[in-house]
Amino acid sequence: MAELLGPRLYSCCNCRNHVALHDDIISKAFQGRHGRAFLFSHAMNITVGPKEDRHLMTGLHTVADVHCVDCREVLGWKYERAYEASQKYKEGKFILEKSKIVRDNW
Amino acid sequence: MRGHAWINTILPDELIIEIFRCLDSKLSRDACSLVCKRWLKLERLSRTTLRIGATGSPELFVHLLARRFVNIRNVHIDERLAISLPLHSGRRRRNEVMCLPFNSHHATDNTGAEGALESSYLSDAGLIALSVGFPNLEKLSLIWCSNISSQGLTSLAEKCRFLKSLDLQGCYVGDQGVAAVGEFCKQLEDVNLRFCEGLTDTGLVELARGCGKSLKTFGITACAKITDVSLEAVGMHCKYLESLSLDSEIIHNKGVLSVAQGCPLLKVLKLQCTNVTDEALVAVGSLCPSLELLALYSFQEFTDKGLRAIGVGCKKLKNLTLSDCYFLSDIGLDAVAAGCKGLTHLEVNGCHNIGSLGLESIGKSCHQLTELALLYCQKIVNSGLLGIGQSCKFLQALHLVDCSRIGDEAICGIAKGCRNLKKLHIRRCYEIGDAGIVAIGENCQFLTDLSLRFCDRVGDEGLIAIGKGCSLHQLNVSGCHRIGDVGLVAIARGCPQLSYLDVSVLENLGDMAMAELGEGCPLLKDIVLSHCHQITDAGLMHLVKRCTMLDSCQMVYCPGITAAGVATVVSSCPSVKKILVEKWKVSERTKRRAGSVISYLCVDL
């Protein structure tokens, strides 16, 4: 009759590790290195790499690459600092590339 | 008469009911109900538990159920679970349920409801029908029943006086309802409240006053308006309280102190309250000598002082969980070890200041330890686990996650000292390699559940030793890329009882292992093959030809498996319940045959 309605999860494309919740999506309209990307307020089971300054489409940001904690595949990045007022809202949030995550229907 | 069932006519009703009481799965009960009219009637008489999801017409449903099952004691209504009807197969969102034609009948039942939207959720009328239909109700669970109010709960309380357990999650019931429960249900033992935004201290105080003499278990999670006042009432009236579980940001020391003072029989305490500090723990230590289980979660302000008080006062402590308690260090754990010698379960999760010295003390004093879990403990080194290995002969389960400084030496020590080990789970401990696992295989003959995930130094040698020495039921070697066919073949030959196998993300695993697994492990029920690039249809075919009891199979990202392989799985395993695979690998014919069994990998975000 019924299947348990768990939280909708996204997993790493390389090893099925759960990395984010659908409920934490803030925007689906971001651009990553390899195509579309999503902005998440939280990510889990990931490690954050060293900080670097990058010039992105929206200006200068300090970001840190985000890896799956199990297979260490790069999934996106985390915004550590934004240098323009209009971009401040991104600080502390995560970009996960659409090509690197799959929705867990299990 | 040939073929006549003699025994059925001789067995009296009572005996058949007794036999049905031993059936614990719904599937068995349903199967018995289909045998004959007599069995149908008797099974209905012996059924005591009902689980109801979101239906299109809850009142009607409850009426039907009350007519059919008269001896129900436990009702569990969870409106998050939508029934997937044939009309809407594949879409399980709750909103879909409202499209049913039943709605129009029941819009009039709800005097206060507006629109067809709400009539599809259980309302007060439904609760009243429930109480009338099941007056002997003992356990009631209402989960996300957003349409019920105090009115319904009051009526239920008045009629179901034998209520023992009440679980309200995500319901907007108000204080009058809960107060009524306190007034009428004098046998209430368990109360659990989660996301009940309509409840304030007023209602809970009345509940505590009314059920004080019977209440044994009390839990509050995320109820925004319940404060220390409620806990003071619990402390004042509920002398026999044994278990308290709190997850709230507005509860302070005062509340916990009141419970510690008023409930001397407290056995279980779980706290996830950011505003509770050492003061409360110290009080618990001195006032609750019967405490057996203590769990402290997340960002607490607890320091060693509080833990020391627990060590001194709670001599009967058996089960301790410390999760994200950043300020706790070896000193605190040392105090617990010295005082709580009967400790059997210990979990240390993300407490970055706890190191090996604390563990060594535990090892020295707590010889009854049966379960140990160390998660994200970067400070713990081999000596900590060696201490455990030396003295904890009864250890049955060891769980290690992200303990990057623990290596083979520690695992060898555990293997030699803890020969009763049944369950070993290791994830991302990069210093552990074949040497440790070989020691486990040589010494721990009772091991049945082994999980080594992403331990990239473990290889075939370790698995060969395991295959020789342990008869595993469950094995997970996901991500240990040194493991290949040789290791899995050893497992296949040595573990005929294997029922769960996860070999995902293994690049070197091929068809030979699959064939051997088919030969050696016919009892296999669940298998995960995802991300194995070298497994092809051939290997899969050999596996499923022999493992016909397969319940579930996950095989996404396997480029060697095609539609033919998927079709073979479906046709060879008649009892398979779940298959996870890419959509384009399922042919029309397979879709028709297998239907709801197949789940598709969703890359279409």
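Definitions and limits used
- Residues numbered from 1 in each chain as written.
- Chains lettered and ligands numbered in written order.
- Predicted model: local features only at pLDDT ≥ 70, side-chain atom pairs only at ≥ 80, totals over all residues.
- Heavy atoms only, no water.
- UniProt positions renumbered as here; feature names shortened; annotations may be inferred.
- Pairing = 2+ DSSP bridges.
- Helix = DSSP H or I, 4+ residues; strand = E, 2+ residues; numbered from the N terminus.
- Buried < 20%, exposed > 50% of the residue type's maximum accessible area, 1.4 Å probe, protein only.
- Contact = heavy atoms within 4.5 Å.
- Axes fitted to C-alpha atoms, helices over the stretch in contact; angles between N-to-C directions.
- Parallel < 35°, antiparallel > 145°, perpendicular 65-115°, else oblique.

Going by the annotation in an unreviewed UniProt entry, the name recorded for chain B is F-box/LRR-repeat protein 4 isoform X1, with Cucurbita maxima given as the source organism.

Labelled according to an unreviewed UniProt entry, chain A appears under the name Protein yippee-like, originating from Cucurbita moschata. As its UniProt record puts it under Sequence similarities (unreviewed entry), chain A is described as follows: "Belongs to the yippee family."

## Re the pairing of strand β5 (residues 46-56) of chain A
Residues and elements named next belong to chain A. Of the strand pairs in this sheet, β5 and strand β6 (residues 59-68) are connected by 9 bridges, and their pairing is antiparallel. The residue bridging Val48 from the neighbouring strand is Val66, located in β6. Hairpin connection, β5 to β6: the antiparallel pair is bridged by 2 residues.

## Notes on helix α23 (residues 511-520) of chain B
All of the buried residues along α23 of chain B are Ala513, Met514, Leu517, Gly518 and Gly520 of chain B. Contacts made by the buried residues of α23 of chain B are with α22 (485-494), β17 (500-502) and α24 (537-546) of chain B.

## What about unusual backbone geometry?
Within the chain, Arg72 of chain A stands out as a residue other than glycine whose phi angle is a positive 65 degrees. Considering the arrangement of structural elements, one finds Arg72 of chain A in the loop between β6 and β7 (74-82). In this structure Arg72 of chain A comes out as partly exposed when scored by relative accessible area, which is 44%. The residue Ala222 of chain B is not glycine, and still its phi comes out positive at about 50 degrees. With respect to the helices and strands, the residue Ala222 of chain B is situated in the loop between β6 (217-221) and α12 (228-237).

## Quick look at the packing of helix α20 (residues 434-443) of chain B against helix α21 (residues 460-469) of chain B
Residue and element names in this part refer to chain B. In contact at an axis separation of 7 Å, α20 and α21 are set at 5 degrees when each is read in the N-to-C sense. Relative to α21, the element α20 is oriented roughly parallel. Within the contact between the two elements, α20 uses Asp434, Ile437, Val438, Ile440 and Gly441 and α21 uses Asp460, Glu461, Gly462, Ala465, Ile466 and Gly469.

## Details of the UniProt feature "domain: F-box/LRR-repeat protein 15-like leucin rich repeat" (unreviewed entry) in chain B
Residues and elements named next belong to chain B. The feature "domain: F-box/LRR-repeat protein 15-like leucin rich repeat" (unreviewed entry), as given by UniProt, occupies residues 121-246 and 314-453 in the numbering adopted here. Segment residues 121-246 splits into 40% helix and 19% strand. End C-alpha atoms: 29 Å apart. Taken as a whole, residues 314-453 contains 36% helix and 21% strand, while its terminal C-alpha atoms sit 37 Å from one another.

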